[in-house]
Amino acid sequence: MTGHARPRPAIWVAGFIALLLFAGFCALGVWQVERRAWKLDLIRQVAARSQAAPVAPPEPARWPAITASRDAYRRIRVSGVFAHDRTTLVRAATALGSGYWVMTPLRTAQGFDVLVNRGYISPEQRGAYARPTGPVTVTGYLRITEPGGGFLRRNDPATDNWYSRDVAAIAGARGLGRTAPYFIDADKVGDGAPVGGQTVIAFPNNHLVYMLTWFGLAAMTVIGFVVFVRHDRRRDKR
């Protein structure tokens, strides 16, 4: 054989496949870089909101503009009177065990209702938890509604079984009037039930691992193709 051997068809096919894989893995790696930057920025924003001084709750004019990225976990403080007769118990799984969230409407001084998650109660405490009367002031976190239900379990207003804090559905089932589209996770107050202050602020951030995985697969694709070409050339020389 004289001159340079022409590449075998198998090498062309392998090269084309390797190029597609390399481009795909790199695209996924870049996507994870962007997702990681977004997640880190979100974490910084939520940390700033959750540690800031409480502000007044968003009033009706602002409700259409409320979003999770801009408003979730904002510290707010609101005054009003609880409507205990319209309380809804929502299934809860917490560090304290399985039980219920006590979701009670607060009729605010501004003239609208807002659902307040007063905290956790155990199944044994369903009929024995504090129900303060008269004007109260609630401080806590603004939370975004949780429509539909929980994992594999749908809310069922007809049987009063609730698995998520679906503001619109609860307001409709309890016959509430003008109700904020968010709810408030109340801070802990006193030592009795309900036990407030159970908000968990945590965002999974595995994007660095995913990023390294995709870029690593891209590098392995190149290495694998080089090994394949060298092996093919050695076989050709033999």
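Look a little higher up for the structure.
For the structure given in this document, a descriptive report is provided here.

Parameters at a glance
Residues numbered from 1 in each chain as written. Predicted model: local features only at pLDDT ≥ 70, side-chain atom pairs only at ≥ 80, totals over all residues. Heavy atoms only, no water. Helix = DSSP H or I, 4+ residues; strand = E, 2+ residues; numbered from the N terminus. Buried < 20%, exposed > 50% of the residue type's maximum accessible area, 1.4 Å probe, protein only. Contact = heavy atoms within 4.5 Å. Areas by Shrake-Rupley, 256 points an atom, 1.4 Å probe, with all protein chains shown as cover. Lys, Arg positive; Asp, Glu negative; His and termini not counted. Charge placed at Lys NZ, Arg CZ, Asp CG, Glu CD. Pairing = 2+ DSSP bridges. Patch = residues over 30% accessible without salt bridge, like charges linked within 9 Å, V, L, I, M, F, W, Y side chains within 5 Å. Salt bridge = Lys/Arg side-chain N within 4 Å of Asp/Glu carboxyl O.

**Things to note about the overall build of the chain**
Move 1: Each helix and strand counted, the chain has four helices and eight strands in total.
Move 2: Its helices and strands in sequence order give the chain the pattern α-α-β-β-β-β-β-β-β-α-β-α, from N to C terminus.
Move 3: On the principal axes, the C-alpha backbone points of the chain span a range of 100 × 35 × 30 Å.
Move 4: Going through the 238 residues of the chain one by one, you find that 37% of them count as buried.
Move 5: In the chain, the share of contacts with a sequence separation of at least 24, taken over all contacts with a separation of at least 6, comes to 64%.
Move 6: Carbon and sulfur atoms form 60% of the exposed surface of the chain, whose accessible area is close to 14000 Å².
Move 7: Considering the chain, the positive charge centre built from 31 side chains and the negative charge centre built from 16 side chains are found 10 Å apart.

**Some thoughts on the pairing of strand β5 (residues 135–144)**
Move 1: Within β5, seven of the 10 residues are buried, which leaves it mostly tucked inside the rest of the structure.
Move 2: In the sheet, strand β1 (residues 75–82) pairs with β5 via seven bridges, with the strands oriented antiparallel. Bridging from a neighbouring strand, V81 pairs with P135 of β5.

**Side note on the pairing of strand β2 (residues 88–94)**
Move 1: Where β2 lies against strand β3 (residues 97–108), seven bridges are found, and the strand directions are antiparallel. Looking at the pairing, R91 lines up with Y100 of β3.

**Comments concerning a nonpolar patch on the surface**
Move 1: Together, V13, F16, I17, L20 and L21 make up a nonpolar patch on the protein surface, roughly 490 Å² of accessible area in all.
Move 2: Among the structural elements, L20 can be located in helix α1 (residues 9–51).

**Some points on unusual backbone geometry**
Move 1: With an omega dihedral of 0°, the bond running from A193 to P194 counts as a cis peptide bond.
Move 2: Structurally, the position occupied by P194 is in the loop between β8 (179–186) and α4 (207–237).
Move 3: Although it is not a glycine, Y73 adopts a positive phi angle of roughly 70°.
Move 4: Relative to the helices and strands, Y73 resides in the loop between α2 (68–71) and β1.
Move 5: Residue classification places Y73 among the buried positions, given a relative accessible area of 11%.

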